[in-house]
Amino acid sequence: MSLGEIRHDWSRKNVDRLFALPFNDLVFQAQTVHRANFNANEVQVSTLCSIKTGACPEDCAYCPQSVRYDTGLEREQLMAIDAVIEEAKQAKAAGATRFCMGAAWRSPKSRDMGAVVGMVKGVKELGMETCMTLGMLDQQQAKDLADAGLDYYNHNLDTSPEYYGEVITTRTYADRLTTLDNVRDAGMNVCCGGIVGMGEEASDRVGLLLQLANMVQHPESVPINQLVRVEGTPLAQEEDLDPFDFIRTIAVARILMPKSHVRLSAGREVMNDQTQALAFFAGANSIFYGEKLLTTANPEESKDMQLFARLGIQPEKYALEQNVEQSSTEPNIAAAVSPQDSSAALFYEAAN
Ligand code: SF4
């Protein structure tokens, strides 16, 4: 096997071997793959708007938006289309060209589809890229969103199939894979990753990455979240993950999916600058940017930009979140940098 080759037949042994490499060797390999596919000094920046917050019927053990856990989160109804478009306009005025919209739902109800389709169309009319995370989608819903012009859909696998039942019981792993198939079949780009630090074994991190890397087409975006422990959720008392295990996960994701954007997502606020810099060095090249991501803090934009400046990193102007396996007919995507994120929620599903 040659380093950086696009493959969909990774074995557990292959991935175990990568995780077992000495840290310096692993990160060097990841950086080598990264440089062969991306500008190593650019990081894509995305914004996120919570279009419907809290009161989610699902039981994801990490999530403050689940109605089952008392986290003190204030729930909000689905935003009006005009209000979403207004936020998108502000984001655009601040330089954003991609707008991610997240709703805390099991799946969209028929009565909500008109509104979300209207949001996609309205944001597209502004000349912006669109991304959504709304929970599970059936074929028709995926088609309706694709027809409206939705560019990306986020739906995470969260963890390995083996550990999954410890974290979520209200939807199955297979349900998630079906939604991802529906998104692909409808022609949308896929954003799919997981969360580490949920008490899983190292073998579960291998299992998660194997699932992602052996998809018929790699997700264009692969968010790797670190658990944000929120008081009131079942995982509030989880132990810290060794930061080097987090970096190893990023590095292995980069090697397994050379053309995907690997997103450093939730959990960034508890990482120091050194860990974030190491994550970029290991191949992470996308972040969410916002002053406040509703349910948990996110590093302030200015702090992000200061870190970028200290590291000589530029926000990516053209985020080609395109797998080369795809035909390259999409327009370039400029970086989305917005200081207007006061209503954005930290959605594991979009951050995730
Ligand atoms: S992660 Fe998503 S589906 Fe799970 S409880 Fe939170 S909002 Fe609901």
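Coordinates for the structure precede this section.
Quick look at the structure, then. (Residues numbered from 1 in each chain as written. Predicted model: local features only at pLDDT ≥ 70, side-chain atom pairs only at ≥ 80, totals over all residues.)

## Describing the overall build of the chain
- Summing up its helical and strand segments, the chain has 11 helices and 12 strands in all.
- Put simply, the chain has 352 residues, and 50% of those count as buried. (Helix = DSSP H or I, 4+ residues; strand = E, 2+ residues; numbered from the N terminus. Buried ≥ 20, exposed ≤ 12 C-beta atoms within 10 Å, placed from the backbone.)

## Comments concerning unusual backbone geometry
- Unusually for a residue other than glycine, Ala 55 sits at a positive phi of about 60°.
- Position of Ala 55 relative to the elements: it lies in the loop between strand S1 (42-52) and helix H3 (81-93).
- With a phi close to 75°, Asp 158 is a non-glycine residue in the positive phi region.
- Residue placement: Asp 158 occurs in the loop between strand S4 (152-154) and helix H6 (164-167).

## Things to note about the pairing of strand S2 (residues 98-103)
- Counted residue by residue, S2 has 6 buried out of 6 residues, so it is predominantly covered.
- Across the two faces of S2 the burial is the same, with Arg 98, Cys 100 and Gly 102 and Phe 99, Met 101 and Ala 103 all buried.
- Judged from the 5 bridges that link them, S2 and strand S3 (residues 129-133) form a sheet pairing that is parallel. Counted as the bridge partner of Cys 100 is Cys 131 from S3.
- Read as a crossover between parallel neighbours, the route from S2 over helix H4 (residues 110-125) to S3 is right-handed. (Pairing = 2+ DSSP bridges. Right-handed = clockwise from strand over helix to strand, strands pointing away.)

## Describing H4
- The first and last C-alpha atoms of H4 sit 23 Å apart over 16 residues, in line with the 22 Å expected at 1.5 Å per residue.
- Inspection of H4 places Val 116, Met 119, Val 120 and Val 123 among the buried residues, and these make up the whole buried set. For H4, the buried positions fall inside an angular range of 95° around the axis, keeping them on one side. The exposed residues of H4 that point more than 90 degrees off its buried face are Ser 110, Arg 111, Gly 114 and Glu 125.
- Looking at the buried residues of H4, the elements they touch are S1, H3, S2, S3 and helix H5 (139-148). (Expected span 1.5 Å × (residues − 1). Arc of directions from axis to C-beta. Contact = placed C-beta atoms within 7 Å.)

## Re the packing of helix H1 (residues 12-20) against helix H9 (residues 243-256)
- Running from N to C, H1 and H9 cross one another at 135°; their axes reach a closest spacing of 10 Å. Classified by the angle their axes make, H1 and H9 are oblique. As H1 runs across H9, the sense of the crossing is right-handed. Residue-level contacts link Val 15, Leu 18 and Phe 19 of H1 to Arg 248, Val 252 and Ile 255 of H9.
- Residues belonging to the contact of H1 with H9 are distributed by class as follows: 5 nonpolar, no polar and 1 charged. (Axes fitted to C-alpha atoms, helices over the stretch in contact; angles between N-to-C directions. Parallel < 35°, antiparallel > 145°, perpendicular 65-115°, else oblique. Left-handed = near helix turned anticlockwise from the far one by under 90°. Nonpolar A, V, L, I, M, F, W, Y, C, P; charged D, E, K, R; others polar.)

## Details of the nonpolar core
- Tyr 62, Tyr 153, Leu 209, Ile 250, Ala 251, Ala 253 and Ala 282 are the most contacted members of the largest nonpolar core, which totals 85 residues.
- The greatest single-element share of this core, amounting to 8 residues, is contributed by H9.
- Discounting chain neighbours no more than four positions away, the residues touching Leu 209 are Val 15, Val 252, Ala 253 and Leu 256. (Core = buried A, V, L, I, M, F, W, Y, C linked by C-beta atoms within 7 Å.)

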